[in-house]
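Each chain is listed here by its residues.
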Amino acid sequence: MNPIIECDNLVKIYKTEDLEVLALQGLDIQIDEGELMAIIGNSGSGKSTFLNMIGGLDRPSAGKLIVDGKNLFKMNERELVEYKKNTVGFVWQNIARNLLPYMTAWQNIEMPMLFESEGKRKERALELLDLVGLSSKKNSRLSQMSGGEQQRVAIAIALANRPKVLLADEPTGSVDVKTGEYILDLFKRLNQEMGLTIVIVTHDRALSKKVNRVAAIRDGKISSEMYLKKEMLDRLSEVNAFTEQSEVQDEYAILDRAGRVQIPREVLENIGVDGNRVRMEVKDGQVIITRPL
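Because the structure is a prediction, the values reported are computed rather than measured.

Conventions adopted
Residues numbered from 1 in each chain as written. Predicted model: local features only at pLDDT ≥ 70, side-chain atom pairs only at ≥ 80, totals over all residues. Heavy atoms only, no water. Helix = DSSP H or I, 4+ residues; strand = E, 2+ residues; numbered from the N terminus. Expected span 1.5 Å × (residues − 1). Buried < 20%, exposed > 50% of the residue type's maximum accessible area, 1.4 Å probe, protein only. Contact = heavy atoms within 4.5 Å. Pairing = 2+ DSSP bridges. Axes fitted to C-alpha atoms, helices over the stretch in contact; angles between N-to-C directions. Polar contact = N/O pair within 3.5 Å; in protein donor to acceptor, adjacent residues only side chain to side chain. Right-handed = clockwise from strand over helix to strand, strands pointing away.

Caption draft 1: Looking closely at helix α6 (residues 147-159). Here α6 spans 19 Å end to end across 13 residues, near enough to the 18 Å set by a 1.5 Å rise per residue. Taken across its 13 residues, α6 has 12 buried, putting it largely inside the fold. Listed as buried for α6 are Gly148, Glu149, Gln150, Gln151, Arg152, Val153, Ala154, Ile155, Ala156, Ile157, Ala158 and Leu159.

Caption draft 2: A look at the side chain of Thr49. Among the structural elements, Thr49 can be located in helix α1 (residues 47-54). Overall, Thr49 belongs to the buried group, its relative accessible area being 12%. The contact partners of Thr49, leaving out residues within four places of it in the chain, are Lys12, Tyr14, Ala23 and Leu24.

Caption draft 3: Spotlight on the sheet that holds strand β1 (residues 3-15). In spatial order, the strands read β2-β1-β4-β5; together these 4 strands make up an open sheet with antiparallel pairing. Two strands bound the open sheet, and with one partner strand each, they are β2 (20-32) and β5 (70-71). When β1 meets strand β4 (residues 62-67), the two strands line up antiparallel, connected through 5 bridges. From the neighbouring strand, Cys7 faces β4, where its bridge partner is Leu65. Taken strand by strand, α1 contacts β1, β2 and β4, and its axis lies near 120° from that of β1.

Caption draft 4: Local environment of the environment of Asp176. Examined against the element boundaries, Asp176 turns out to sit in the loop between β7 (165-169) and α7 (177-194). Here the alpha-carbon distance between Asp176 and Gly147, two residues 29 residues apart in the chain, equals 8.8 Å. A distance of 3.3 Å separates the side chain of Asp176 from the backbone nitrogen of Lys178, its partner in a polar contact. A polar atom in the side chain of Asp176 sits 2.7 Å from the backbone nitrogen of Thr179.

Caption draft 5: Up close: the environment of Arg141. You can see Arg141 is positioned in the loop between α5 (118-131) and α6. We classify Arg141 as partly exposed; its relative accessible area is 36%. Non-local contacts of Arg141, meaning those with residues more than four positions away in its chain, are made with Pro101, Tyr102, Met103 and Thr104.

Caption draft 6: Spotlight on the pairing of β7. For β7, a buried count of 5 out of 5 residues is recorded, marking the element as mostly surrounded by other parts of the structure. Every second residue of β7 is oriented toward a common face, with Val165, Leu167 and Asp169 on one face and Leu166 and Ala168 on the other, all of them buried. Across 4 bridges, the pairing between strand β6 (residues 88-91) and β7 is parallel. Residue pairing in the sheet places Val91 in a bridge with Ala168 of β7. Relative to strand β8 (residues 197-201), β7 runs parallel, the two sharing 5 bridges. In the sheet register, Val165 faces β8, and the bridge partner there is Thr197. Between the parallel pair β7 and β8, the chain is carried across by α7, and the sense of this crossover is right-handed.

As structure tokens, then:
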């Protein structure tokens, strides 16, 4: 597969008058065209910043960021508007940010298509409502829909201009478990039937266990990646929130370009390391890390 997203040593620095925050610290990742993947990480790890970079909502400070062959470092404002309109679709965690409350469902979906003819806009809006299973709600306003229905309309809005990449920031964060399952199934169907590349930022471990690949961000870098085990590919529908992560996915630590690897604090604490030094040795083809003597 060809990569549709390429991040190489990506850096993002936020500056105020008396403070500098390094949100991304040399992040490296490639996402293939047609991939369905999740990004996980604790609050402040940089995962939402990463999504905003891809979405063209924030400018990178340094590094390389290519999406669908477009270099986001070299775009002027006009090119960036076209990119956000035609290359990426965004689904927000805050449902109210996706929808205008005084408009009906189909009118909301029409909004990104204002430059198309009126007939084509409505036809496309109704087609997308059918795709997300909400044809019966076409004339409903925000107050007349459940949270899950609003989020499905938001997904339809994100698809209005036929984007190459769909970005979803905590798409199941404001809905119940059953609705979250439906939304994930919808993402999987969009991915399989349309070949749409989908990147989901989530805290939801149950959701992250059901995609082929999960990248974990820690301190502004990709620290590890998890891949669905081959034997689980045909059993996705059976995987539930009570299944252990290790039973579903194989996890791999990620080396940066200098050969460094991040070791989670909880792992270090588990082996009794409480400072910044460890013992490391190579034995029988394995790298063994232990606490200092």
